[in-house]
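Summary of the model geometry
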Amino acid sequence: MTASSTNPVARDAAIPHTRRVHRQLSHLDSLEAEAIHIIREVAAEFERPVLLFSGGKDSAVMLRLADKAFFPAPIPFPVMHVDTGHNFPEAMEFRDQRIAELGVRLVVASVPDAIASGPRLQTSVLLDAIAEHRFDAVFGGGRRDEEKARAKERVFSHRDEFGQWDPKNQRPELWSLYNGKHRAGEHLRVFPLSNWTELDVWQYVATDGVELPSIYYAHRREVFRRDGMIMAVGPYLPMRDGEERFEATVRFRTVGDMSCTAAVESTAGTPEEVVAEIAASRITERGATRADDRFSEAAMEDRKREGYF
């Protein structure tokens, strides 16, 4: 028996280079594995996690990852939608379809219902729902490439008993070690897609066959221009004097509240065509399509400090 036959390192070195098998995950496989690890970590560490699901592309990918993380067992936590009452009908149809397919429990935090009992904002409705259901970990689809304030977030982002975020007091996450420690009344926001980009999301949609609402693809729609943005004609955003409606071929890069989410002109009708379009874009999806981010440079960070997702 030779020394190399008992020494695994020496034995591997003795194998001709052409016979060695090098297994390396692709970029998307690595992102998927990281996200699934985070989702499983939360399920193991926390008592009452919940996944935010609006029907948008990021939350659709999140739901797919959660399904993969526990398959063939069901997803072991509910999903929650903060319903502003100003949703795109296509997104709501998709939300209900996916919930029915997966058989998960849907919690709806309704902004209109809350407003009926007194002046409320979307953020306070979210925080009330977290407190009511005693959720201690809330999954979101936020990504660091979206906006400057989101880029500051950790994967496990601590929120105090008032739901507030302190960007100057965050926990280190060396070697993908996540600290979920929290006191009663506090919770963690968890972002498994932190290291993904919009292009990564669309490449994953294309390769994994993730279904999305139809408005993410090119379609004809009545729109009008406001402050350089293309807004959808609908019941939640009255047109002003001088604004004219017209029909155009558009799609939505992000799907939020109809009153502040703009479309982009596009002919991309498949995930592959969207990938090519996004690869050539130099404007972030929120910069191009979210009017509520244009109030000030620090608009998102101010809202996140108060509890906004």
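Please read all numbers here as calculations on a predicted model, not as lab measurements.

Before going further, it helps to examine the packing of helix H3 (residues 27-45) against helix H9 (residues 198-208). The geometry of H3 relative to H9 is characterised by a closest axis approach of 11 Å and an angle of 100° between their N-to-C directions. Comparing the axis directions of H3 and H9 gives the class roughly perpendicular. For the pair formed by H3 and H9, the contact residues are His27, Leu28, Leu31 and Glu32 on the first element and Asp200, Gln203, Tyr204, Thr207 and Asp208 on the second. Residues of the contact of H3 with H9, tallied by class, amount to 3 nonpolar, 3 polar and 3 charged.

With that settled, the discussion passes to H9. Considered for burial, the residues of H9 that qualify are Glu198, Asp200, Val201, Trp202, Tyr204 and Val205. Phi turns positive one or two residues past the end of H9, at Gly209, with a value near 70°.

Here we come to the pairing of strand E7 (residues 219-226). Looking at chain direction, E7 and strand E9 (residues 246-251) are connected through 5 bridges and run antiparallel. Pairing of Glu222 across the sheet is with Glu247, part of E9. Note: E7 against strand E8 (residues 229-232), 4 bridges, orientation antiparallel. The residue bridging Phe224 from the neighbouring strand is Met231, located in E8. The hairpin formed by E7 and E8 contains 2 residues between the paired strands, and Asp227 there has a positive phi angle of roughly 55°.

Moving on, we come to the packing of aromatic side chains. Counting across every chain of the model gives 9 aromatic pairs. Ring centres of Phe77 and Phe139 lie 5.2 Å apart, and the angle between their planes is 35°; this geometry places the pair in the tilted category. A residue pair is termed long-range when its members are at least 10 positions apart, and Phe77 in the loop between helix H4 (57-70) and strand E2 (79-83) and Phe139 in strand E4 (residues 137-139) qualify at 62 residues. Across the pair, Phe139 and Phe77 agree in class, each one buried. Of the aromatic side chains, those joined through ring pairs into one cluster are Phe46, Phe156 and Tyr178.

Cut-offs applied
Residues numbered from 1 in each chain as written. Predicted model: local features only at pLDDT ≥ 70, side-chain atom pairs only at ≥ 80, totals over all residues. Heavy atoms only, no water. Axes fitted to C-alpha atoms, helices over the stretch in contact; angles between N-to-C directions. Helix = DSSP H or I, 4+ residues; strand = E, 2+ residues; numbered from the N terminus. Parallel < 35°, antiparallel > 145°, perpendicular 65-115°, else oblique. Contact = heavy atoms within 4.5 Å. Nonpolar A, V, L, I, M, F, W, Y, C, P; charged D, E, K, R; others polar. Buried < 20%, exposed > 50% of the residue type's maximum accessible area, 1.4 Å probe, protein only. Pairing = 2+ DSSP bridges. Phe/Tyr/Trp six-rings, centres within 6.5 Å; stacked < 30°, edge-to-face > 60°.

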